[in-house]
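Examining the three-dimensional arrangement
Single-letter residue listing:
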Amino acid sequence: QVQLVESGGGLVQAGGSLRLSCAASINIFRINAMGWYRQAPGKQRELVASITSGGSTNYADSVRGRFTISRDNANNALYLQMNTLIPEDTAVYYCNAKRFLGAIEDWGQGTQVTVSS
């Protein structure tokens, strides 16, 4: 079992930046992929960015060029640097971990990001 705890959400004006953190309870080197998802009220949860243990990254088209996902294996942490935020980025952001080729998924409790215009 893996516990994931997000932090760093908050209220920011459009054009501003936030850095989300996700602390994992195990060595994330053992996790083949981690990612950030987000869900706005009444909307489906969507993938924002992901990173594999090998360092390969993927980004949603809506955030590519503005967001950067990274991981710190020494501290078992996942990060999402969010720049040039826009109101459409407003959502609850969730940390996700996939183990055993995605057979097992773990989720954090979520952290609210609100971008005002």
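So, the state of the cysteines
Throughout the structure, instances matching the rule amount to one disulfide. The residue that forms a disulfide with Cys22 is Cys95, at a sulfur-sulfur distance of 2.0 Å. One disulfide, between Cys22 and Cys95, carries an S-S torsion of -80° and so falls in the left-handed class. Note that Cys22 is positioned in strand β3 (residues 18-24) and Cys95 in strand β9 (residues 91-99), a separation of 73 residues in sequence.

Focus on the sheet that holds β3
Taken in spatial order, the four strands of this open sheet run β1-β3-β8-β7, and their pairing is antiparallel. Of all strands in the sheet, those bounded by a partner on one side alone are β1 (4-7) and β7 (67-72). Here the average twist between neighbouring strands, direction ignored, is 15°. In this sheet, strand β8 (residues 77-82) lies alongside β7 in antiparallel orientation, the contact comprising six bridges. Within β8, the position partnered with Ser70 by the bridge is Tyr79.

Description of the nonpolar core
Nonpolar side chains in soluble globular proteins generally cluster together in the buried interior. Membership of the largest hydrophobic core comes to 29 residues, with the highest contact counts inside it found for Met34, Trp36, Leu80, Met82 and Tyr93. Those elements giving two or more residues to this core turn out to be β3, β4 (33-39), β5 (46-52), β7, β8, β9 and β11 (111-116).

Calculation criteria
Residues numbered from 1 in each chain as written. Predicted model: local features only at pLDDT ≥ 70, side-chain atom pairs only at ≥ 80, totals over all residues. Heavy atoms only, no water. Disulfide = S-S within 2.5 Å. Helix = DSSP H or I, 4+ residues; strand = E, 2+ residues; numbered from the N terminus. Pairing = 2+ DSSP bridges. Axes fitted to C-alpha atoms, helices over the stretch in contact; angles between N-to-C directions. Core = buried A, V, L, I, M, F, W, Y, C linked by side-chain atoms within 4.5 Å. Buried < 20%, exposed > 50% of the residue type's maximum accessible area, 1.4 Å probe, protein only.

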